[in-house]
Amino acid sequence: MPWNPIIKSRRDWETIPNLHDYEAVRKGFSWENARAELDGLPDGQGLNMAHEAVVRHATGAQAQQTAIRWLGKNGQVENYSYARLDELTNRFANVLQTLGAIKGDRVFVLAGRIPELYITALGTLKHRAVFCPLFSAFGPEPIRARLTIGQATVLVTTESLYQRKVAGIRETLPHLKHVLLIGDEQQSTDLPGTQNFHQLLEQAPSTYRIGPTDPEDAALLHFTSGTTGTPKGALHVHGAVVAHHITGTLALDFHPMDIFWCTADPGWVTGTSYGIIAPLTNRLTSIVDEADFEAERWYGILQDQRVSVWYTAPTAIRMMMKVGVALVRKYDLRRLRFLASVGEPLNPEAVVWGEQAFGRPFHDNWWQTETGGIMIANYAAMDVRPGSMGRPLPGIEAGIVKTTESGEVEVLKEPGLQGELALRPGWPSMFRSYWNEPERYKKCFAGGWYLTGDVAQKDADGYFWFVGRADDVIKTSGHLIGPFEVESVLIEHKAVAEAAVIGKPDPVAMEIVKAFVSLKDGYEPSDALRRELLGFARTRLGAAIAPKEIAFLPTLPKTRSGKIMRRLLKARELGLPEGDTSTLEA
Ligand code: AMP
């Protein structure tokens, strides 16, 4: 471990927390040294994520170790060894080759957590195409928007998702050349314009040689949302694997023989960086559960699968807290040694509850789609500071900044001051662009910093504390939702004149999506219309994004220049002071 001066032997590596001395490891750390933990392609042909995750473990003694253990929602269990995963992903890379997909083409997946998703992801990376996951609870509208922006050429999905969500929008997607369907319970009927995923996989050769891969070659496209405009495709490169790998080691304290469970869905960035790549590059056994949260099921998995490192999210922790500690006590969870959480603020009570329920605290960490990997964390060897996101990873410089009216970026050095959380660019998993939107990308950087859009503060010991978002995006059950995407669909309804969407605080989901609408002449507010609008939005947007509440207003508050003031609607909803309303339309 060249980055860790204290760890000298295999035994040290197995027993000492990887980041046992923050200052020492930080001081000795360099990204070049972190890169040295990986193999690189043979003959100096570059750095490829799938090679590091799978190929290098697929020969020799480790080849039969389980890479992914898949738990189906109906009780099925399937083990994929590194060797088997290598073979299946070779086959998928060959399928892409046969279809004529070339380096850089976007291969989208719309599926739940099923083995084919993981095969597609890693096979796509081998082929040097770009893997783009879509959350399966999206409705047709968010799917259409993302496939269009990303100019998808290949889509892998299930038969039922295709029929419910894609068939109806297919003709609006001229770039989409190939749709590969995974049969659901019964084998696929022939749907026009589609091919059978498994048939193609079986027919494809089982060996594949990864071509030269520059660390700057595009690898992953993750969609995220802002306050305005369409969803943004954050592009990550193959070199990001250095950050995936080393943050797994340092922030999640991965050790050989760990059994790791990341509960996030690969439709969101955590489920890819830590649900696919990092555990495999670190040669762990990674648990994938197809089913959704259910407390007994989850504790059963932790016990039966002997999970040692568990990465989950505050919404899930709050749901467990609601069920109570007594249930946890029925399970033997002695294997569990490290618990981590990400995606939303982790309330101090949740950290304390972790101690009561599991005998260990949850370690909060912070990052976002654009950063590609964990940037700030509470580490295994340090006492958790409940309520704090922790300290920056080695190799990461974080600061609290204020942008002045003239666009200068000023670093707030004094502890306790609130400002925008900013990071010094240059870590390997930093996004390289918003797909086809260079202007939007450029706006994220100023004065030599990447500006995260989060407001935070730093204490005297260098711990960072989350304060809130600087913009109007909504976090619901850990998922980032752009209000504009929801508003755009609502105003397509014949009765709606205007719509504004806010995040309304919720004790479990953190926020729920709430919409305010004003109606066109000739329409009156009623419960029936509210239900109709809720249903309309749900059909188009899907359960993950659609508003849970809709309120009618005669008009929506606007600035004199005509912009709807979501901030004001939120303040009124929360009964808070309305702030500066000088620009409010009379
Ligand atoms: P996403 O890009 O969807 O992963 O969302 C990233 C955003 O989630 C961040 O910019 C934060 O607003 C929020 N977030 C992520 N992790 C944390 C955390 N540990 N504490 C507070 N907010 C978080």
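Remember, it's a predicted structure, so these values are computed and weren't measured experimentally. (Residues numbered from 1 in each chain as written. Predicted model: local features only at pLDDT ≥ 70, side-chain atom pairs only at ≥ 80, totals over all residues. Heavy atoms only, no water.)

Caption draft 1: Up close: the overall build of the protein chain. Tallying secondary structure elements over the protein chain gives 19 helices and 28 strands in all. Its C-alpha radius of gyration of 24 Å places the protein chain within 12% of the 25 Å reference for a compact globule of 586 residues. C-alpha atoms of the protein chain, sized along the principal axes, occupy 75 × 65 × 55 Å. In the protein chain, buried positions account for 60% of the 586 residues. Of the roughly 23,500 Å² of accessible surface on the protein chain, a fraction of 50% belongs to carbon and sulfur atoms. (Helix = DSSP H or I, 4+ residues; strand = E, 2+ residues; numbered from the N terminus. Rg over C-alpha atoms; globule rule 2.2 N^0.38 Å. Buried < 20%, exposed > 50% of the residue type's maximum accessible area, 1.4 Å probe, protein only. Areas by Shrake-Rupley, 256 points an atom, 1.4 Å probe, with all protein chains shown as cover.)

Caption draft 2: Representation of the sheet that holds strand E28 (residues 549-552) in the model. One open sheet accounts for 3 strands, arranged E26-E27-E28; its pairing is mixed. Whereas interior strands pair on both sides, the edge strands pair on one side only; in this sheet they are strand E26 (496-506) and E28. Between one strand and the next, the sheet's axes are offset by a mean angle of 25 degrees, whatever the strand orientation. Relative to strand E27 (residues 510-519), E26 runs antiparallel, the two being bridged by 10 bridges. Following the sheet pairing, Gly503 is matched in E27 by Val513. (Pairing = 2+ DSSP bridges. Axes fitted to C-alpha atoms, helices over the stretch in contact; angles between N-to-C directions.)

Caption draft 3: Just the layout of surface pockets, in detail. One number sums up the size of the second largest pocket: a volume of about 370 Å³. Contributing elements (two or more residues each) for the lining of the second largest pocket: helix H17 (483-490), E26 and helix H19 (566-574). At 3 residues, the largest contribution of residues to the lining of the second largest pocket is made by E26. (1 Å grid on protein atoms, 1.4 Å probe; cavity = no way out; pocket = protein on both sides within 12 Å on 5 of 7 lines; lining within 4 Å. Points joined across faces, edges and corners; volume = space filled by probe spheres on them.)

Caption draft 4: Seen up close, the pattern of salt bridges. Enumeration over the complete set of coordinates arrives at 34 salt bridges. With its nearest N and O atoms 2.8 Å apart, the salt bridge here joins Glu216 to Arg432. Taken together, the residues span a long stretch of sequence, with Glu216 in the loop between helix H9 (197-203) and strand E8 (218-224) and Arg432 in the loop between strand E19 (419-423) and strand E20 (433-434) at a distance of 216 residues. In this structure, Asp471 engages Arg469 in a salt bridge whose closest nitrogen and oxygen atoms are separated by 2.7 Å. Owing to a relative accessible area of 25%, Asp471 belongs among the partly exposed residues under this scheme. (Salt bridge = Lys/Arg side-chain N within 4 Å of Asp/Glu carboxyl O.)

Caption draft 5: Examining helix H7 (residues 140-149) more closely. Among the 10 residues of H7, 8 are classified as buried, and the element is accordingly described as predominantly covered. Buried within H7 we find Pro140, Glu141, Pro142, Ile143, Ala145, Arg146, Leu147 and Ile149. Of the residues one or two after H7, Gln151 is the one with positive phi, at around 45 degrees.

Caption draft 6: Region of the structure containing the domain arrangement of the protein chain. Once the domains are mapped, the protein chain shows domain 1 (22-458) and domain 2 (472-574). Between domain 1 and domain 2, the C-alpha centre-to-centre distance is 30 Å. Facing the 25 residues of domain 1 at the interface are 25 residues of domain 2. Three residues stand out in domain 1 for area buried against domain 2, namely Ser225, Thr227 and Trp268, and they jointly supply 27% of the buried area on that side. Our count for the domain 1 to domain 2 interface comes out at 1 salt bridge. Residue Arg146 pairs with Glu485 through a salt bridge whose shortest N-O separation is 2.6 Å. On the surface where domain 1 and domain 2 come into contact, there are 12 residue pairs in polar contact (both at pLDDT 80 or more). At the level of elements, H7 and helix H13 (314-323) are the ones that each hand at least two residues to the side of domain 1 that touches domain 2. It is H7 that provides the largest number of residues to the side of domain 1 that touches domain 2, a total of 5 residues. Here the side of domain 1 that touches domain 2 is composed, by residue class, of 10 nonpolar, 10 polar and 5 charged. (Domains from an automatic or database assignment. Contact = heavy atoms within 4.5 Å. Buried area = accessible area lost by both parts, 1.4 Å probe. Polar contact = N/O pair within 3.5 Å; in protein donor to acceptor, adjacent residues only side chain to side chain. Nonpolar A, V, L, I, M, F, W, Y, C, P; charged D, E, K, R; others polar.)

Caption draft 7: Just the site of the ligand, in detail. Lining the immediate environment of the ligand, one finds 17 residues, of which Asp364, Asn365, Gln368, Thr369 and Lys475 sit closest. Asn365 has a polar backbone atom sitting 2.7 Å from a nitrogen atom of the ligand. Elements with a minimum of two residues in the shell around the ligand: strand E14 (362-366) and strand E23 (464-469). For the shell around the ligand, the element with the most residues is E14, which contributes 3 residues. The residue makeup of the shell around the ligand, split by class, is 8 nonpolar, 4 polar and 5 charged. (Near = heavy atom within 4 Å.)

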